[in-house]
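An overview of the molecular structure
This is what each chain is made of:
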Amino acid sequence: MPDYAMLDDTDAASLAGFDLIVDVRSPSEFAEDHLPGAINLPVLDDDERVRVGTIYKQVSTFDARREGAALVTRNIGHHLETALAGLPRKSRVLLYCWRGGMRSRSMALVLSAVGWKISLLRGGYRTWRRDVVAQLEHSEAPLPFILIDGQTGTAKTAILHQLDARGAQVLDLEGLAVHRGSAFGDFSATPQPSQKRFETLIWQELRAMDLSRPVYVEAESNMVGRRQLPSRIWAAMKAAPRIAISAPVAARAAYLVEAYPDLVADTAKLNASLDQLASRHAKTLIASWRELHAAGEYRQLAAELISAHYDAAYNRARKHREDEPVLTLRSDSLDSAAIGELAEAILTSKTRP
């Protein structure tokens, strides 16, 4: 009998029982998504995995296994001499691969022989993925969301951060998606996570929350950049009460210039974002916006984008909702003090999901 145990559950309590969680899949598989807290110690890297797969298809199963065994043994030895060199003897280690097959079993046999207490996740990563999909796509359990709504530039994300700093529960979808939710919203230095990774991050946040208490979420469309909101999240957002933030265009423009410093500094990125609006506005208007940016008239550019593009888009989107905001908060300023006051007003209101 192998000297390792099998784990069937991926709930937070079960995973918390391990000192180390190791994903033995290739780096590209790990980058697409992985269990919370896992580190990547691949038994085959991406090129090696392709090489073994090619031998399997073009030569024989035997030759593929022989080549794979040599590579796996070499890689496990490297991990023992590096990443695992200082791991205490009594450590509890969870291993997993794609479906709980040869890659994780190979590592388990060696590590258990060394003397660590080893467990394998039955079904591998697919067990985790199945649980995430069950919770975010198929579950109908209610979520106690309260939406922070408002036109573009009303500092909704900053208000969420202030709510979080005051001890409220916050699900920052834009932060998890690494996108600010508009044509100008990507972060060029940091790509968005994969769809699977985005969903894992959402579930990781939600399952750490007390769902008897409100969870504040910024109002979004069902896409944040190129990442789609899971069905359960989107349904809960559509049904959630809304708190609307209102501020003058001038205050919103000033806030956007501060919130989007990358667009102020990077002409090429600004022009690429304006290209995404070209099908919706006249060429002369797009050209005038480029000129405003070139002249350093950033607040004027932001104000025109708000008036000519974003407010109209916001109004069209809100026509599909029949409910009215349960609370509307107005502020003439969106500086840090005003944002703090808005967050405090939200927390002291009687709004409940």
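Computed from a prediction, not measured in an experiment: that's the story for all the values here.

**Concerning the pattern of salt bridges**
As enumerated under the stated definition, the model contains 13 salt bridges in all. The salt bridge involving Asp8 is made with Arg122; its shortest N-O contact spans 2.5 Å. Highlighted residues: Asp8 in the loop between β1 (5-7) and α1 (12-16) and Arg122 in the loop between β5 (117-121) and α6 (125-138), separated in sequence by 114 residues. Residue classification places Arg122 among the partly exposed positions, given a relative accessible area of 42%. A salt bridge links Asp149 to Arg242; the shortest N-O distance between them is 2.8 Å.

**Side note on the sheet that holds β5**
Reading across from one edge, β1-β5-β4-β2-β3 is the order of the 5 strands in this open sheet, with parallel pairing throughout. Two strands bound the open sheet, and with one partner strand each, they are β1 and β3 (39-40). In this sheet, β5 lies alongside β1 in parallel orientation, the contact comprising 3 bridges. Along β5, the bridge assignment pairs Ala5 with Ser119. Contacts from helix α5 (residues 102-114) reach β4 (92-96) and β5, with the element oriented near 170° to β5.

**Digging into the packing of helix α7 (residues 156-165) against helix α16 (residues 336-348)**
Describing two packed helices takes the angle between their axes plus the distance from one axis to the other. Direction vectors running N to C along α7 and α16 enclose 60°, while the axes themselves pass 9 Å from each other. Put simply, α7 runs oblique to α16. Crossing geometry of α7 relative to α16 is assigned as right-handed. Contact residues: α7 offers Ala158, Ile159, Gln162 and Leu163, while α16 offers Ile339, Gly340, Leu342, Ala343, Ile346 and Leu347. The class makeup of the residues in the contact of α7 with α16 is 8 nonpolar, 2 polar and no charged.

**Quick notes on the nonpolar core**
Inside soluble globular proteins, nonpolar side chains tend to come together where they are buried. Residues Leu35, Phe145, Leu171, Leu173, Ile202, Leu206 and Ile233 are the most contacted members of the largest nonpolar core, which totals 35 residues. Elements with a minimum of two residues in this core: β4, α6, β6 (145-150), α8 (173-177), α9 (195-206), β8 (215-218) and α10 (231-239). Excluding residues within four positions of it along the chain, Phe145 makes contact with Leu171, Leu206, Val215, Val217, Ile233, Ala236, Met237, Ala240, Pro241 and Pro353. Core analysis: the next-biggest nonpolar cluster, separate from the first, contains 24 residues, Val52, Leu71, Cys97 and Ala108 among them.

**What about a nonpolar patch on the surface?**
Side chains of Leu109, Val110 and Val114 sit close together on the surface and give an oily, nonpolar patch of about 240 Å² of accessible area. You can call Val110 partly exposed: its relative accessible area is 31%.

**Topic: the packing of helix α4 (residues 61-81) against α5**
Where α4 meets α5, the axes come as close as 11 Å, and the angle between the chain directions of the two elements is 45°. Put simply, α4 runs oblique to α5. Crossing of α4 over α5 shows right-handed handedness. Contacts between α4 and α5 involve Arg65, Val72, Ile76, His79 and Leu80 on the former and, on the latter, Met102, Ser106, Met107, Val110, Leu111 and Val114. Broken down by class, the residue content of the contact of α4 with α5 amounts to 8 nonpolar, 2 polar and 1 charged.

**Points about the side chain of Arg232**
Secondary-structure assignment places Arg232 in helix α10. Despite its burial, Arg232 remains without a salt bridge, the nearest opposite charge being carried by Glu140 at 9.7 Å. At 3.1 Å, the side chain of Arg232 and the backbone oxygen of Ala141 are in polar contact. Among all residues touching Arg232, those that are not within four sequence positions of it are Gln135, Leu136, Ser139, Ala141, Pro142, Leu143 and Trp203.

Cut-offs used in this document
- Every residue gets a number counted from 1 within its own chain, in the order that chain's sequence is written.
- Local features in this predicted model are restricted to residues whose pLDDT is 70 or higher, and side-chain atom pairs enter the listing and the counts only when it is 80 or higher, whereas totals over whole chains, interfaces and linings include all residues.
- The basis for the side-chain values is all heavy atoms of the structure; hydrogens and waters are excluded.
- Put simply, a salt bridge is a Lys or Arg side-chain nitrogen that is within 4 Å of an Asp or Glu carboxyl oxygen.
- In DSSP terms, a helix is any run of H or I states spanning at least four residues, a strand is any run of E spanning at least two, and both are numbered starting from the N terminus.
- Burial classes follow relative accessibility: with a 1.4 Å probe on protein chains only, a residue under 20% of its type's maximum area counts as buried, one over 50% as exposed, and anything between as partly exposed.
- We treat two strands as partners when DSSP finds at least two bridges between them.
- Contacts were defined at the residue level, with two residues in contact if any of their heavy atoms lie within 4.5 Å.
- Axis definition: a line fitted to C-alpha atoms, limited for helices to the stretch in contact. Angles are taken between N-to-C directions and run from 0 to 180 degrees.
- An angle below 35 degrees is treated as roughly parallel, one above 145 as roughly antiparallel, one from 65 to 115 as roughly perpendicular, and anything else as oblique.
- Crossings are classed by handedness, with left-handed meaning an anticlockwise turn of the near helix from the far one by less than a right angle and right-handed meaning a clockwise turn.
- Amino acid classes used here: Ala, Val, Leu, Ile, Met, Phe, Trp, Tyr, Cys and Pro are nonpolar; Asp, Glu, Lys and Arg are charged; the rest, including Gly, are polar.
- Nonpolar cores are built from buried Ala, Val, Leu, Ile, Met, Phe, Trp, Tyr and Cys residues. Side-chain atoms within 4.5 Å join them into one set.
- Note that patches include only residues with greater than 30% relative accessible area and no salt bridge, and the join distances are 9 Å for like charges and 5 Å for nonpolar side chains (Val, Leu, Ile, Met, Phe, Trp, Tyr).
- Here the open area of atoms and residues is found with the Shrake-Rupley method and a 1.4 Å probe, where only the protein chains shown may cover a residue.
- The positive count covers Lys and Arg only, the negative count covers Asp and Glu only, and His and the chain ends enter neither.
- The definition of a polar contact used here is a pair of N or O atoms within 3.5 Å, where within protein one atom must be able to donate a hydrogen and the other to accept one, and adjacent residues in sequence count solely through side-chain atom pairs.

Geometric values such as these leave the question of function open.
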